[in-house]
Amino acid sequence: DGGDDDDGASLVQEDMGESMASAARAQQKTQAQAALSGAGKSIIGLLEVVESDFATELTEIQTTEQAAVEEHAKLTQANKITSAQHEVQVKNKNDEVTKLRKSAAEITSDRTESSQELDAINEYDKQLQSQCGPKETYADRVARRKQEMEGLQEALRELESANR
């Protein structure tokens, strides 16, 4: 029976050894978990800071993007207005060019007609001058009239002397 006690004692020792080993493992596990928990808290804290930074940057980027979208909308509207104004100006200039070309064509036509009329008048004037004979200058007319007057005065003197 002594052997049974040894077996029992050895079983108790084994159970005790296992309990102690189990307790040591549990303690190591708890320490490891505590170490991991501390490291995990550090990582979580770091991730929270990073998340905060990202949230701040996201807000800034969204604000900047919204401002850029609004500025783009304003510029697009301004460009539409400017484009419409330029289109109206181009249309007006084209209308003016068309009017000026039409006016130039009419003036050219009028000038051609006037030139033809002047040529006809000059031709008629030449015909009249050839029918009327050579033209006298003013000096020639004065000299001719002076001779006529002298001739008439001579005739008057002769008539007066014959009547006396």
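Our structure is the block above this text.
Conventions used here
Positions within a chain are numbered from 1, following the residues in the order the chain's sequence is written. Under the rules for a predicted model, residues below a pLDDT of 70 receive no local features and side-chain atom pairs below 80 are neither given nor counted, while totals for whole chains, interfaces and linings still include all residues. The side-chain numbers reported here are obtained from all heavy atoms of the structure, hydrogens and water having been left aside. Helix and strand assignments come from DSSP, with helices taken as H or I runs of at least 4 residues and strands as E runs of at least 2, each series counted from the N terminus. Accessible area is worked out with a 1.4 Å probe on protein chains only. A residue is then buried under 20% of its type maximum, exposed over 50%, and partly exposed in between. The method behind every accessible area is Shrake-Rupley, applied with a 1.4 Å probe, and residues are considered shielded solely by the protein chains displayed. The term salt bridge refers to a side-chain nitrogen of Lys or Arg lying within 4 Å of a carboxyl oxygen of Asp or Glu. Like charges are joined within 9 Å and nonpolar side chains (Val, Leu, Ile, Met, Phe, Trp, Tyr) within 5 Å, but only among residues with over 30% relative accessible area and no salt bridge; these make up the patches.

Undergrad: Could you clarify how one ought to interpret the overall build of the protein in this entry?
TA: Check the secondary structure of the protein and you find 2 helices and 0 strands. The 164 residues of the protein split such that 0% are buried. As displayed, the protein has an accessible area near 14,900 Å², and 56% of this comes from carbon and sulfur atoms.

Undergrad: Is there a simple way to explain the pattern of salt bridges in this structure?
TA: Charged atoms that come close allow side chains of opposite charge to pair. A full pass over the atoms with the stated rule returns 3 salt bridges. Ionic pairing is found between glutamate 154 and arginine 157, a salt bridge with its closest N-O pair at 3.2 Å. In this pair, glutamate 154 and arginine 157 are both assigned in helix α2 (residues 138-162), 3 residues apart and thus about one turn of the helix distant.

Undergrad: Quick question: what am I supposed to make of a nonpolar patch on the surface here?
TA: A contiguous nonpolar patch, built from Leu46, Val50 and Phe54 and spanning about 300 Å² of accessible area, is present on the exposed surface. Of note, leucine 46 is situated in helix α1 (residues 2-132).

Such coordinate-based values are descriptive only and should not be taken to indicate function.
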